[in-house]
Amino acid sequence: RWGTEAIYCDVEDALAHRLTAEACVGLKDFAAAVQEYEAAVTLEPDDAELWSGLLEAAENAKNDAAAKRARAKLDDLGPAAD
C-alpha cells in the first residue's frame, strides 16, 4: 500500500516502483509486479537488479515478451549484471 502511495506522490520514483514490485511478488501477483518493474526499468534502464526482478516476475507471470526483453537487456548489460 505504501509503495502505491509513494507512486502517487512521485510517479518518477524508481525506488517506489521497485518496492511495489517486490511487494507484488511477495503477494504472488506477478502480473502487477511485471508492470511495476517495467515502470522502474524505464526510469533506471541500467539497473541490472531491476531487470533481474522483471525477468523473474515475467517468468512467473508467464509473460514471455517481458521475459525475453529482460533477458536481452541483461545480456546487453554484460557479466557485471549477473
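Quick caveat, the model's predicted, so the values are computed rather than measured.

The rules we used
Residues numbered from 1 in each chain as written. Predicted model: local features only at pLDDT ≥ 70, side-chain atom pairs only at ≥ 80, totals over all residues. Heavy atoms only, no water. Salt bridge = Lys/Arg side-chain N within 4 Å of Asp/Glu carboxyl O. Helix = DSSP H or I, 4+ residues; strand = E, 2+ residues; numbered from the N terminus. Buried < 20%, exposed > 50% of the residue type's maximum accessible area, 1.4 Å probe, protein only.

Glancing now at the pattern of salt bridges. The full count for this structure, using the stated rule, is four salt bridges. Asp 46 is the salt-bridge partner of Lys 73, the closest N and O atoms lying 3.7 Å from each other. Highlighted residues: Lys 73 in helix H5 (residues 64-77) and Asp 46 in the loop between helix H3 (30-43) and helix H4 (48-61), separated in sequence by 27 residues. Its salt-bridge partner being Arg 71, residue Glu 59 comes within 2.9 Å of it at the nearest N-O pair.

On to the environment of Ala 48, then. With respect to the helices, strands and loops of the structure, Ala 48 is situated in helix H4. Accessibility expressed as a relative area gives 17% for Ala 48, which makes it buried. C-alpha separation for the pair Ala 48 and Lys 73, spaced 25 residues apart in sequence, amounts to 8.4 Å.

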